[in-house]
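One letter stands for each residue in the lines below.
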Amino acid sequence: MKKIAVLTSGGDAPGMNAAIRAVVRNGIYNNLEVVGIKKGYDGLINANMEEMNLSSVADIIHRGGTILRTARSEEFRTEEGRKKALNVMKVLGIDGIIVIGGDGSFRGAKELNTMGIPAIGVPGTIDNDLGYTDYTIGFDTSINTVIDAISKIRDTSTSHGRANIIEVMGRDCGDIALHAGLAGGAESIIVPEAEINVDQVCNKLLKGRNRGKLHSIIILAEGAGNAIDMSNQIKERTGIETRATILGYIQRGGSPTAFDRILASKMGAKAVNLLINGAKNRVVGAKGKNIIDMDIDEALNIKNDFDMESYELAKILSI
Ligand code: ADP
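Residues numbered from 1 in each chain as written. Predicted model: local features only at pLDDT ≥ 70, side-chain atom pairs only at ≥ 80, totals over all residues. Heavy atoms only, no water.

### A closer look at the sheet that holds strand E8 (residues 216–221)
Here's step 1: Spatially, the four strands line up as an open sheet ordered E7-E8-E6-E9, and their pairing is parallel. In this open sheet, the two strands that pair with only one neighbour each are strand E7 (188–190) and strand E9 (242–246). Going from strand to strand, the sheet's axes swing by 20° on average, the running direction of each strand aside.
Here's step 2: Looking at chain direction, strand E6 (residues 163–168) and E9 are connected through five bridges and run parallel. Bridging from a neighbouring strand, Ala 163 pairs with Thr 242 of E9.
Here's step 3: Contacts between helix H6 (residues 175–184) and the sheet are confined to E6, E7 and E8, with E7 contributing the most and set at about 175° to the helix.
Here's step 4: Packing of helix H7 (residues 198–210) onto the sheet brings it into contact with E6, E7 and E8, and relative to E8 it is tilted by some 160°. (Pairing = 2+ DSSP bridges. Helix = DSSP H or I, 4+ residues; strand = E, 2+ residues; numbered from the N terminus. Axes fitted to C-alpha atoms, helices over the stretch in contact; angles between N-to-C directions. Contact = heavy atoms within 4.5 Å.)

Right, dumping it as structure tokens:
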């Protein structure tokens, strides 16, 4: 292993830069040449890349987004596209690649392994929707952004005596909603993994009002419904003035938290060590205090395990 490449792909996540920095610095520390591929798999197909040195990753550990940019590449989903990428890697003498992204990006990495290029995945997504790892890079920053928003909405909600529904990201995964809801003291948390009907939400709201509560915060995961529809239904059934806020892309930006920076640094460095040790078709993850690695296929087959215990706790604490 003499020359490795790194790319970020799919949805961006705060902490991706810290992971890139760790890959570049640990690579150079181990006498490797490191190439940064721009715009994900698209850059691999079009040879859009630059040689990285120690300064290329200076002053980025605290920055959101990804200095390598990201993209979704339809061409890479085709065999023809992947052959072009393979050719670029052969011509440039790239011996291994580190892919920072979500499950889609990992499927792409798996294809590279099949074609004979050792590829390692590093989980970068705010959704925390990968079952094999406790945490993905960006998730912690995202939930902190959400609880910051909850605090602000709570202020105005209390002043007006309104109920508020806050829709958060996560695709089909309710982790952002659960963690932000628990930390933000939400009255109700609506996630795709647990059934809850509007009547239950309304009953809780009315109960709170009866004991003099001025504000109500309901967190809705994007995969479990639409905030505007739900606020209309609640208004109709309870008569309580209800406002909907869709937080959107604010959740994907911002300076990464210490947790995400540390996680990304450890994971990026581990990915390099794996390539040096001859590993291929692996993903890096976090289990308890340990940074682990696992076969990509095995990891992609592990269903995301929703933390039902914490969900039940959130319900108890918001009675
Ligand atoms: P994420 O990595 O955040 O889940 P996507 O699902 O959009 O994001 O995947 C990112 C990119 O990974 C896609 O645009 C595509 O180029 C590549 N990719 C996804 N699935 C596959 C696949 N089955 N085979 C090859 N490449 C894939």
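### Topic: the layout of surface pockets
Here's step 1: By volume, the largest pocket amounts to about 570 Å³.
Here's step 2: Looking at the largest pocket, it is lined by 27 residues, and the ones nearest its centre are Gly 10, Arg 72, Arg 77, Gly 104 and Ser 105.
Here's step 3: In terms of residues, the lining of the largest pocket owes the most to one element, helix H4 (residues 103–114), which gives six residues.
Here's step 4: In this structure, the lining of the largest pocket is formed jointly by two domains, domain 1 (3–138 + 256–300) and domain 2 (140–252), each of which donates at least three residues. (1 Å grid on protein atoms, 1.4 Å probe; cavity = no way out; pocket = protein on both sides within 12 Å on 5 of 7 lines; lining within 4 Å. Points joined across faces, edges and corners; volume = space filled by probe spheres on them. Domains from an automatic or database assignment.)

### Considerations on the domain arrangement of the protein chain
Here's step 1: Taken domain by domain, the protein chain holds domain 1 (3–138 + 256–300) and domain 2 (140–252).
Here's step 2: The C-alpha centroid of domain 2 is placed 34 Å from the C-alpha centroid of domain 1.
Here's step 3: Taken together, the 13 residues of domain 1 in the interface contact twelve residues of domain 2.
Here's step 4: Taking both sides of the interface into account, the surface hidden between domain 1 and domain 2 amounts to around 1,100 Å²; carbon and sulfur atoms contribute 47%.
Here's step 5: Where domain 1 meets domain 2, there are four salt bridges.
Here's step 6: Note that Arg 252 and Asp 12 form a salt bridge whose closest N and O atoms lie 2.9 Å from each other.
Here's step 7: Linking domain 1 with domain 2 are twelve residue pairs in polar contact (both at pLDDT 80 or more), by the criterion used here.
Here's step 8: Considered class by class, the residues forming the side of domain 1 that touches domain 2 number four nonpolar, four polar and five charged. (Buried area = accessible area lost by both parts, 1.4 Å probe. Salt bridge = Lys/Arg side-chain N within 4 Å of Asp/Glu carboxyl O. Polar contact = N/O pair within 3.5 Å; in protein donor to acceptor, adjacent residues only side chain to side chain. Nonpolar A, V, L, I, M, F, W, Y, C, P; charged D, E, K, R; others polar.)

### Looking at the pairing of strand E11 (residues 290–295)
Here's step 1: With six bridges connecting them, strand E10 (residues 282–287) and E11 associate as antiparallel partners. Bridge pairing in E11 places Arg 282 opposite Asp 295.
Here's step 2: Counting the residues between successive antiparallel strands, the hairpin from E10 to E11 contains two residues, one of them, Gly 288, with a positive phi of roughly 60°.

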